[in-house]
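# Residue-level structural notes
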Amino acid sequence: MNAIPVTTTCYADRIAVLQQMLNSYLKQSSSGECTPEFLDLLEGQIQPIYAAIWAMHAETEHD
């Protein structure tokens, strides 16, 4: 059985976009004017982005 090829060429662009999103969220959280509810919401948005960045990074490091 042939393995399905994994394409990682788009990862650099995707990682850059996710990093920009992550930086934007982190700037919002460091403004000092965030409510605890907003920070909880922000954490829920940041965790999947962070996980996606590291998953793609790990995959490209093994190529």
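For the structure, check the block above.
Now for a quick tour of the structure. Given the structure is predicted, the values throughout are model-derived calculations rather than measurements. (Residues numbered from 1 in each chain as written. Predicted model: local features only at pLDDT ≥ 70, side-chain atom pairs only at ≥ 80, totals over all residues. Heavy atoms only, no water.)

### Quick word on the nonpolar core
Among the nonpolar cores identified, the biggest contains 10 residues, and these are Y11, I15, L18, L22, Y25, L42, I46, I49, I53 and M56. When near neighbours in sequence (up to four residues on either side) are disregarded, I15 contacts I53, M56 and H57. (Core = buried A, V, L, I, M, F, W, Y, C linked by side-chain atoms within 4.5 Å. Buried < 20%, exposed > 50% of the residue type's maximum accessible area, 1.4 Å probe, protein only. Contact = heavy atoms within 4.5 Å.)

### Here's the deal with helix α2 (residues 36-61)
For α2, which comprises 26 residues, the first-to-last C-alpha distance of 37 Å matches the rise-based estimate of 38 Å (1.5 Å per residue) to within 8%. Within the sequence span of α2, burial applies to L42, I46, I49, I53 and M56. Each element contacted by the buried residues of α2 is listed here: α1 (11-29). (Helix = DSSP H or I, 4+ residues; strand = E, 2+ residues; numbered from the N terminus. Expected span 1.5 Å × (residues − 1).)

### Some remarks on the environment of T35
Examined against the element boundaries, T35 turns out to sit in the loop between α1 and α2. The class of T35 is partly exposed, set by a relative accessible area of 41%. Here F38 takes part through its backbone nitrogen, which lies 3.1 Å from a polar atom of the side chain of T35. (Polar contact = N/O pair within 3.5 Å; in protein donor to acceptor, adjacent residues only side chain to side chain.)

Don't take any of this as a statement about function, it's just geometry.
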